[in-house]
Amino acid sequence: MFNKRTKIKDVLVLTPESQEVTVMGWVRSFRNNQFIAINDGSTNSNLQIVAELGRFDDELLKRITTSASLKVTGTLVSSLGKGQKMDLQASSIEVLGDSDAERYPIQLRNKPTLEYLRENAHLRFRTNTFGAVFRVRHALAFAVHKFFNDKGFVYMHTPIITASDAEGAGEMFRVTTLPLDKTPTTPDNVIDFKQDFFGRSTHLTVSGQLEGELGATAFGEIYTFGPTFRAENSNTARHLAEFWMIEPEMAFYDLEDNMNLAEEFIQYLIRYAMENNRDDLDFLAQRLAEEEKQLPQDKRGEMGLIEKLEFVINNSFERLTYTEAITILKESNHNKKKKFQFPITGWGMDLQSEHERYLVEKHFKKPVILHNYPAAIKAFYMRQNEDARPAEGLGQTVAAMDILAPGIGEIVGGSQREERLDKLEARMKEMNIPSDELWWYLDTRRFGTVPHAGFGLGFERMVQFVTGMTNIRDVIAFPRTPGSAEF
Ligand code: ATP
Ligand code: MN
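Residues numbered from 1 in each chain as written. Chains lettered and ligands numbered in written order. Predicted model: local features only at pLDDT ≥ 70, side-chain atom pairs only at ≥ 80, totals over all residues. Heavy atoms only, no water.

Enquirer: Residues and numbers for the site of ligand 1, please.
Expert: R230, E232, H239, E410 and I411 are the nearest of the 15 residues found near ligand 1. Interatomic distance of 2.7 Å between a side-chain N/O atom of H239 and an oxygen atom of ligand 1. Between ligand 1 and V412, the relevant distance is 3.5 Å, taken from an oxygen atom to a main-chain nitrogen or oxygen of the residue. Its free accessible area being 580 Å², ligand 1 has 80% of it covered by the protein chains. (Near = heavy atom within 4 Å. Polar contact = N/O pair within 3.5 Å; in protein donor to acceptor, adjacent residues only side chain to side chain. Areas by Shrake-Rupley, 256 points an atom, 1.4 Å probe, with all protein chains shown as cover.)

And the structure:
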């Protein structure tokens, strides 16, 4: 059998007593023609291999270059050097794949920037930073399933290709097999989607929520976890054109139950990573601290990464209404000194990310759940509250909630759903949403409708929060953003 290897993560917890071990991995560095640091991706730590002088051919030693892949067998002994507990005294070294050191794009001694590594995303997993980020991402994905499975939620796969364009019409990617140069048209000269693959116009999904509600109104509690696509032309550090979203939908939940679940979920994910990926998080914390040293004092985080994560696990999130938030923002010195790019005009305005971040980072200094937003700035399916107060300049609100996280801004968006058919239909009419296309969605309100709620957590924003990575492109393996789809 070829693959009788021990992962380096498992080697490093052994007590060295001259036992024989075989490891395989990629060379990180080779010093003094004798000391090889090898990494196999199982952990951030390298294993030091000692190739005793005189024991191996010069021809072989020359092939031990950065990122060459090796199979090494040897005995595990206590290390004499500082910095590591053990060495693997090599008895045999086999080069599985050579690596041309001159051409290898990632020269660690040049301290490659995150931007440079993004252009070399095919190899960036071999760096400490990206090794740590993607192991944490994996752990968080696993924890998502564990959290919901332990609670008895059903994991539902909602479709990637959808025909409903009820949500975010302008932001969708079209899916078609029609020829771009000779699109068939109808007699009145519009594109004839009847001749398209599905016999109708289709897009990539922006959310699995509507289908998720169908599941919730049969299984009680479901969640989706899959890719979503938004053709929004926002080149920010927190938007991707392809991102992963977790969307639980629960029957018999009101807005408060929904907020409770979302808060518990976020804290669970952080705790899981802290318990299972502490080495990676310690490394990332140090990386972030070094990165922040380059920033002016007022741009630095007040807490280190680990401190911040512990704080979020141990403190409940601040909950307040949209209306209360507007008052705080309006009264803030920040607003009075005209420091917002978008001034606070009053009740009814949509909050910009600078406002959200002010609330979270400056005012409350902890995650915040804003709820009960004006209906006019939220989606059609959100449950209408009975609270219109036109005399006070307050319009109707809906039972919506957003969770805002320090350094990130919005991380969760959710609501109690409108379960009353007449109210839902009236709202759709008002917003020009074709109810005939959504006949299947409305059927849940016709046959045994129940109060229900749900939310969407942007997975990459969660990974950003836990890893402290400031750009969302650095927490997804192959980012898709406007003008960029390499790899
Ligand atoms: P934003 O205002 O930040 O664009 P949104 O209001 O469009 O967010 P929702 O439609 O509520 O977001 O989506 C639910 C969650 O999905 C968001 O809270 C966020 O975590 C995540 N999300 C939304 N758009 C993106 C995107 N383009 N890239 C990555 N994550 C996203
Ligand atoms: Mn958006």
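Enquirer: Any chance you could break down the packing of aromatic side chains for me, citing the residues and the numbers?
Expert: All told, the structure shown has 22 aromatic pairs when counted by the stated rule. Between F147 and F148, the ring centres sit 5.0 Å apart and the planes meet at 80°, which makes this aromatic pair edge-to-face. Judged by relative accessible area, F147 falls into the buried class, the value being 3%. Ring geometry for F148 and Y223: centres 4.6 Å apart, planes at 20°, overall stacked. A residue pair is termed long-range when its members are at least 10 positions apart, and F148 in helix α4 (residues 128-150) and Y223 in strand β10 (residues 221-229) qualify at 75 residues. The residues F148 and Y223 share a single accessibility class, namely buried. In this structure an aromatic cluster arises from ring pairing among F147, F148, F153, Y155, Y223, F265, Y268 and F455. Above the ring of F465, the side-chain terminus of K308 is found at 4.0 Å from the ring centroid. (Phe/Tyr/Trp six-rings, centres within 6.5 Å; stacked < 30°, edge-to-face > 60°. Buried < 20%, exposed > 50% of the residue type's maximum accessible area, 1.4 Å probe, protein only. Helix = DSSP H or I, 4+ residues; strand = E, 2+ residues; numbered from the N terminus. Lys NZ or Arg CZ within 6 Å of the ring centre and 35° of its normal.)

Enquirer: Go over the environment of N149 with me, naming the residues and quoting the values.
Expert: Here N149 shows up in helix α4. Given a relative accessible area of 55%, N149 falls into the exposed group. For the pair N149 and I222, spaced 73 residues apart in the sequence, the C-alpha separation amounts to 9.7 Å.

Enquirer: Can you break down helix α8 (residues 305-314) residue by residue, with the values?
Expert: The set of residues buried in α8 consists of L305, I306, K308, L309, V312 and I313. Down the axis of α8, the sector holding all buried residues measures 160°, keeping them to one side. Where α8 is buried, its residues meet α6 (255-276), α7 (278-293) and α14 (459-467). (Arc of directions from axis to C-beta. Contact = heavy atoms within 4.5 Å.)

Enquirer: Could you give an account of the sheet that holds strand β4 (residues 69-78), with specific residues and numbers?
Expert: The sheet built from five strands closes into a barrel, its strands ordered β1-β2-β3-β5-β4 with mixed pairing. Averaged over neighbouring strand pairs, the angle between their axes works out to 55° when direction is ignored. Taken together, the three bridges between strand β3 (residues 47-50) and strand β5 (residues 86-97) define a ladder with parallel strand orientation. By the bridge assignment, I49 is partnered in β5 with L88. (Pairing = 2+ DSSP bridges. Axes fitted to C-alpha atoms, helices over the stretch in contact; angles between N-to-C directions.)

Enquirer: Can you break down α14 residue by residue, with the values?
Expert: Among the nine residues of α14, nine are classified as buried, and the element is accordingly described as predominantly covered. Buried residues of α14: F459, E460, R461, M462, V463, Q464, F465, V466 and T467, and no others. Positive phi appears at G468, one or two residues downstream of α14, with a value of about 75°.

Enquirer: How would you explain the pattern of salt bridges if you had to name every residue and give the values?
Expert: For the structure shown, the criterion picks out 26 salt bridges. When the shortest N-O distance is used, the salt bridge between R137 and E460 registers 3.0 Å. Taken as a pair, R137 in helix α4 and E460 in helix α14 lie far apart in primary sequence, 323 residues in all. The pair formed by R137 and E460 is uniform in burial state, with each residue classed as buried. (Salt bridge = Lys/Arg side-chain N within 4 Å of Asp/Glu carboxyl O.)

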